[in-house]
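Reading the structure
One letter stands for each residue in the lines below.
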Amino acid sequence: MDKEIVKRLVYSMVQFLQSQLESGADGGGLTEEGIESVEVAVQCLETAYGVSLAQNDLAVPKSLYQIFSEGVRGETETFMSSRTPQTESAPREATGEEKAEAEQLKNEGNQLMRDEKYTEALDCYTKAISKDCRNAVYYCNRAAAHSKLNNHREAIDDCKRALEIEPQYSKAYGRMGLAFSSLNDHRKAKECYQKALELEPDNESYRGNLSIAEEKLRSEPQAPPNPFAGLGGLGSLAGLGGPGGPDLSNLLNNPALMNMATQLMSDPNMQNMMSSFMGGMGGGMGPGMGPGMGGGAPGGAPAAAPPGPGAGGMEALLNAGRQLAEQMQSQNPELVEQIRRQMNRNAGGGDDQPGGNNQNPPQS
């Protein structure tokens, strides 16, 4: 940026703020505290940029407020005119002279990039675009300058503009992939590098960046597995709460509870118990013991039911539940208390009324 222009801009800012102070609380709409803050801001700007209102040579013909007001009016007029049919056509083709000027500005920007003067390079590319807005290279080069300045969202926008003009522009996909990588969006970065590689299969840089993006995706933390997955009907326990029952859906969504359950389910002993339980659940009633069937002892007396296969399974489930409860109590008593309160509330009782919502018990 031109230092002289910056100083004149700061001078105009100080001039505007000083006018607000002179207007006071009535004209400027500032509170007493706001006035003090503006006074501090003026002092900071003057100190930081080495300007003061005494430097009349920095003044511009119009005040900052006038310049901004005209700019806002022009912006509104541009917006309204953009809604009319005559502006819906594609941008006009630049003249030969404009193209030559734009190319010169691009070359200057390239040299500034080599000199690591990224802000100045950005300015050159922007001027080149103003001369010839139908050249995809200028947008792509400006995207590179944005990336160097950590303006990654702006870099992505410029790459998209370049691709609107030239859909098969591999470099635009490559630079957009770099911007997404810098934003840690490795999935979109991978997609961009894949497209760039499709358009330019021999580009080792794209291939290397694609491998890095894939490796980043593999190293990203995955959501913990559901310890109740694969346990048949247990997966639908969340729907058993019902009105007045425990909110099992919220319980199963509790990260601390699920993490503890995951650790417990990885225990081989627990796995054996659950396998025994599921095996027992898979059995049915004993022969001749179906509902309404008369399989009984001689003389019409009902026969004693043999222990069905579900008996051992239920015992295994109860053992598993006891072990889970003991581990939860020892490792995270606060979580246990939280679950107890939640189940109390859903059963109709408050935190201070563990027996329910009977707030006025009869006197003894």
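Each chain has its residues counted from 1, running along the sequence as written. Predicted model: local features are reported for residues with pLDDT of at least 70 only, side-chain atom pairs are reported and counted for 80 or more only, and whole-chain, interface and lining totals are derived from all residues. For the side-chain quantities, the full set of heavy atoms in the structure was used; hydrogens and water were omitted.

Remarks on the overall build of the protein chain
The helix and strand tally for the protein chain stands at 15 helices and zero strands. Note on classification: 1.4 Å probe, protein chains only; a residue is buried when its accessible area is under 20% of the maximum for its type, exposed when over 50%, partly exposed between these limits. The burial tally for the protein chain puts 27% of its 364 residues in the buried class. Summarising the internal contacts of the protein chain: among those between residues at least 6 apart in sequence, 55% fall at separations of at least 24. Carbon and sulfur atoms make up 53% of the accessible area of the protein chain, which totals about 23600 Å². Counting from the N terminus, the helices are the DSSP runs of H or I reaching at least four residues and the strands are the DSSP runs of E reaching at least two. By definition in these notes, contact holds between two residues if any of their heavy atoms fall within 4.5 Å. Using a 1.4 Å probe, the Shrake-Rupley method yields the accessible areas, and only the shown protein chains count as cover for residues.

Structural notes on the pattern of salt bridges
A pairing counts as a salt bridge when a side-chain nitrogen of Lys or Arg comes within 4 Å of a carboxyl oxygen of Asp or Glu. With the rule as written, the count across this model stands at eleven salt bridges. Between Lys106 and Glu103 there is a salt bridge; the shortest N-O distance is 2.7 Å. With Lys106 and Glu103 both in helix H4 (residues 96-114), this residue pair falls three residues apart, about one helical turn. Under the relative-accessibility criterion, Lys106 is labelled buried at 13%. A relative accessible area of 32% means that Glu103 is categorised as partly exposed. Each of Glu93, Lys99 and Arg134 takes part in one network of salt bridges that share partners.

What about the packing of helix H5 (residues 118-131) against helix H6 (residues 136-148)?
Inter-axis angles, ranging from 0 to 180 degrees, are taken between N-to-C directions of lines fitted to C-alpha atoms, where helices are fitted over the stretch in contact. Direction vectors running N to C along H5 and H6 enclose 160°, while the axes themselves pass 9 Å from each other. The angle between H5 and H6 falls in the class roughly antiparallel. Seen along the crossing, H5 lies across H6 with a hand that is left-handed. In contact with Tyr118, Leu122, Tyr125, Thr126, Ala128 and Ile129 of H5, H6 contributes Tyr138, Tyr139, Asn141, Arg142, Ala145, His146 and Lys148. When the residues that make up the contact of H5 with H6 are grouped by side-chain class, the tally is eight nonpolar, three polar and two charged. Angle categories are assigned with fixed cut-offs, so that under 35 degrees is roughly parallel, over 145 is roughly antiparallel, 65 to 115 is roughly perpendicular, and the rest are oblique. The crossing is said to be left-handed when, going from far helix to near helix, the turn is anticlockwise and less than a right angle, and right-handed when the turn is clockwise. Polarity classes work like this: nonpolar for Ala, Val, Leu, Ile, Met, Phe, Trp, Tyr, Cys and Pro, charged for Asp, Glu, Lys and Arg, and polar for all others, with Gly in that last group.

Taken by themselves, the reported measurements are silent on function.
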